[in-house]
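# An overview of the molecular structure
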Amino acid sequence: MASRMEIFSPEGLRIDGRRWNEVRHFRCAINTHPVSSDGSAIIEQGNTKVICNVIGPVEPTLRSRVVPDRVSISVKVVVAPFSTIDRRKRSQNDSRIQEMCSSIQHVFEDAVIAHLFPRSQIDVNLYVVAQDGGVLQACINATTLALIDAGVPMYDYVCACTAGMLDREVLLDLNRIEESDMPFLTMATIGSKRKVALLQLEMKVQFDRLEPMMAASMSGCHHIRDLMDNEVRKHGKSRLERGSL
Amino acid sequence: MPMLTVHTSTDLFSSSRLGHRAPRSAKEELDSEDVVMSDADSAEPEQESDDDDDRIFSLDHTETGDGDARVTGVVKSRHIVTPGELVTAESMWMRGHGTYSVGLKSYSSVAGTITRVNKLLSVAPLRGRYDPKIGDHVIGRIIDVGTRSWHVDIGAKQAAVLMLGSVNLPGGVQRRKSESDELQMRAFLKEGDLLNAEVQAVFTDGAASLHTRSLNYGKLRNGYFFTIPSSLVVRSKYHTFELPGGVDLVLGVNGYIWLRKHTQQLGEQGVSITRLAEEAGWEIYSDENEYISPSIRENIARYANAVKALRYCEVGVNEARVIAAYEASKEYRSPGEMIENDVKKRIAKHVLLATKG
């Protein structure tokens, strides 16, 4: 019980001083690598930091990647060995990384207006530089911003957020310590409406506790959408002012 | 392993997107009100995107007089729209690139500015790959030699094709391309070769067809290649320039740039189509570089770094600006000094001042 007290104190404060419904410090930047990629972004959510580079849409490099009526999206996630406390090299064939890649790929195949670019491909390269919980959500958010920077047409922003359940308390946007102590889910929404693009839950949780978790993470997603939208507008305005268009 | 992974976005086009919001559960209503940021210094989220039912595209009244679709010409708005933002809910507008529509409403699909041409509304993205247009002078790199055609990378969403019938034969003979020409296609252009060409046609999927049927176009040699974003290239009547210092600049509309030692080009000698035979020998497909003196090499490096300075500061590139940047760079003894970001900024500032008048 003692460890539980640390995770969520009776006063309603979490281990890093947040309330249950507060997201971590969110910082994002767009167009960070203008020369090496078509679109790029950096996301920091708390101590989790992800860099995303998007290349495309381009002619497919492999004949097998050609889809006649839509764009094919491939996602590569590179987790840096120094990103966690236990320094360990993860291969590209790590099953967890592979699973994350396919989740991200499925989400964005639905969010990108794919029929506009038949017979072409989009490569999404994600670099996890530091991880402190919520790696999948940070990857999805970074990909959204990088795709917008690349000028790829999308129906709306795809935003992801996690929520966990400790006893009967919902906690939003978990860090690494909280993630290891409670069941949590990752949700991604398209836009500011109630459209769910991804819902991933890896642990067992009582069915009646699922709804509050989903509700909390959805409002977290909408909040993150507003933060990212602000950044995109700020960037667009500065470009217009510089007269580069 | 995940117990539950659901991917759904099937109702993206359903009428629920159009209509009123579904009533939320009491619990959720509470949650969405309660979510706040943990750090106080971040900006408050804009409410703009939430009340999108009320927003419609409105033209700048000072520019056009009124928001009437009968007003002709191109109108560019300075307002930034982002993906998912409502562009217009009125049926009088036609929907162009960068938008998608659900029922009568059309939304932006990219981050950019609204452009109106008569009744057509489109959203021009802030950034994006090159979009080929007929007549563009582009630079490309051969990526594949096929049957009767080459595939050329021009930095677009699709590789361009250069048909065997769209190139000049060595010797300039005018005839149908035969099977023997097909067999020696690699002798003309092989993988990795750079060429400049003109966009002859654009297919419906955005792929371009090129031609090099002029002595201004063809294989490139004696120079240095680099790229800038295509949005920075200012379109003009000509895209090949003879610059001071014995250097030629080929400024591809696709943002691919070739700087070479100035040589008397075949086209410049006033070659008529009838004399093409004598002038256009195998040398137009030659891979051999001529001797390039150290001073010319330095000038090429100086020009390249000057254009890269403009690229760094996102200044549009045209002939006058390249020359102005070259003049500004003479204050630095070695072109190598121009890779510093401070120097790049100073050069770009100088260029903007010099070319203002």
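Refer to the structure printed above.
Attention here is on the structure that accompanies the text. Worth saying up front: this structure is predicted, and the values here are computed from it rather than measured. (Residues numbered from 1 in each chain as written. Chains lettered and ligands numbered in written order. Predicted model: local features only at pLDDT ≥ 70, side-chain atom pairs only at ≥ 80, totals over all residues.)

### Considering the overall build of chain A
- Scanning chain A for helices and strands turns up five helices and 10 strands.
- Relative to the 2.2 N^0.38 estimate, which gives 18 Å for 245 residues, the radius of gyration of chain A is 18 Å and therefore close to what a compact globule would have.
- Its C-alpha atoms put chain A at 55 × 45 × 35 Å along the principal axes.
- Within chain A, the fraction of its 245 residues that count as buried is 55%.
- Taking as baseline every contact in chain A between residues at least 6 positions apart, the subset at least 24 positions apart corresponds to 71%. (Helix = DSSP H or I, 4+ residues; strand = E, 2+ residues; numbered from the N terminus. Rg over C-alpha atoms; globule rule 2.2 N^0.38 Å. Buried ≥ 20, exposed ≤ 12 C-beta atoms within 10 Å, placed from the backbone. Contact = placed C-beta atoms within 7 Å.)

### Examining the overall build of chain B
- What chain B contains, in helices and strands, is nine helices and 19 strands.
- Per-residue burial over chain B gives 34% buried out of 357 residues.
- Taking contacts inside chain B between residues at least 6 apart in sequence as the whole, the part at least 24 apart equals 64%.

### Comments concerning the packing of helix α2 (residues 95-111) of chain A against helix α3 (residues 135-149) of chain A
All names here are of chain A.
- Interaxial distance between α2 and α3 falls to 11 Å at its minimum, and their mutual angle equals 40°. With respect to α3, the axis of α2 lies oblique. In this structure, the crossing between α2 and α3 has a hand that is right-handed. Packed against α2, whose contacting residues are Met-100, Ser-103, Ile-104, Val-107 and Phe-108, the element α3 presents Leu-136, Cys-139, Ile-140 and Thr-143 at the interface.
- Tallied by class, the residues present in the contact of α2 with α3 amount to seven nonpolar, two polar and no charged. (Axes fitted to C-alpha atoms, helices over the stretch in contact; angles between N-to-C directions. Parallel < 35°, antiparallel > 145°, perpendicular 65-115°, else oblique. Left-handed = near helix turned anticlockwise from the far one by under 90°. Nonpolar A, V, L, I, M, F, W, Y, C, P; charged D, E, K, R; others polar.)

### Some details on the pairing of strand β3 (residues 39-45) of chain A
Residues and elements named next belong to chain A.
- Burial of β3 is extensive: six of the seven residues sit out of reach of the surface.
- Of the pairings in the sheet, the one linking strand β2 (residues 26-30) to β3 comprises five bridges and is antiparallel in character. When the sheet's bridge partners are listed, Phe-26 is paired in β3 with Gln-45.
- By the bridge criterion, seven bridges tie β3 to strand β4 (residues 48-58) in an arrangement that is antiparallel. (Pairing = 2+ DSSP bridges.)

### Some remarks on the nonpolar core
- Core analysis: the biggest nonpolar cluster contains 86 residues, and Cys-139, Ala-142, Val-158, Met-187 and Ala-188 of chain A have the highest contact counts within it.
- Ala-188 of chain A has contacts with Val-107, Ile-140, Val-158, Cys-159, Ala-160, Ala-197, Leu-198 and Cys-221 of chain A, leaving out every residue within four places of it along the chain.
- Counting 54 residues, the second-largest nonpolar core is a separate cluster that includes Ile-142, Phe-188, Ala-208 and Tyr-217 of chain B. (Core = buried A, V, L, I, M, F, W, Y, C linked by C-beta atoms within 7 Å.)

### Describing the environment of Phe-225 of chain B
Residue and element names in this part refer to chain B.
- Position of Phe-225 among the secondary structure elements: in strand β16 (residues 223-227).
- In this structure the C-alpha to C-alpha distance between Phe-225 and Trp-258, which are 33 residues apart in sequence, comes to 4.8 Å.
- Ignoring sequence-local partners within four residues, the contact set of Phe-225 consists of Leu-194 and Trp-258.

### Topic: the packing of helix α7 (residues 294-312) of chain B against helix α8 (residues 319-329) of chain B
Residues and elements named next belong to chain B.
- Axis separation between α7 and α8 bottoms out at 9 Å; the angle between their running directions is 110°. What the angle tells us is that α7 and α8 run roughly perpendicular. Here α7 runs over α8; the crossing is right-handed. Counting all contacts with α7, which are made through Arg-302, Tyr-303, Asn-305, Ala-306, Val-307, Ala-309 and Leu-310, the residues of α8 involved are Arg-321, Val-322, Ala-325, Tyr-326 and Ser-329.

### Let's talk about unusual backbone geometry
Residues and elements named next belong to chain A.
- Pro-57 follows Gly-56 through a cis peptide bond whose omega is 5°.
- Note that Pro-57 resides in strand β4.
- Even without being glycine, Asn-31 reaches a positive phi, approximately 60°.
- Mapping Asn-31 onto the fold places it in the loop between β2 and β3.
- In this model, Asp-173 sits at a positive phi of 55°, which is unusual for a non-glycine residue.
- With respect to the secondary-structure elements, Asp-173 resides in the loop between β8 (169-172) and α4 (176-179).

### A short note on the environment of Ile-7 of chain A
All names here are of chain A.
- With respect to the secondary-structure elements, Ile-7 resides in helix α1 (residues 2-7).
- Separated by 188 residues in the primary sequence, Ile-7 and Lys-195 have C-alpha atoms spaced 31 Å apart.
- Other than its neighbours up to four places away in sequence, Ile-7 contacts Arg-14, Ile-15, Leu-166, Glu-178 and Asp-181.

### Regarding the sheet that holds β16 of chain B
All names here are of chain B.
- Across the sheet, which stays open at both edges, the four strands sit in the order β16-β19-β18-β17 with antiparallel pairing between neighbours. Of all the strands in the sheet, the pair left with one neighbour each is β16 and β17 (240-243). Pairs of neighbouring strands in the sheet enclose a mean axial angle of 20°, with direction left out of account.
- Pairing analysis gives five bridges linking β16 to strand β19 (residues 256-261), with the strands arranged antiparallel. Residue pairing across strands places Gly-223 opposite Arg-260, the latter belonging to β19.

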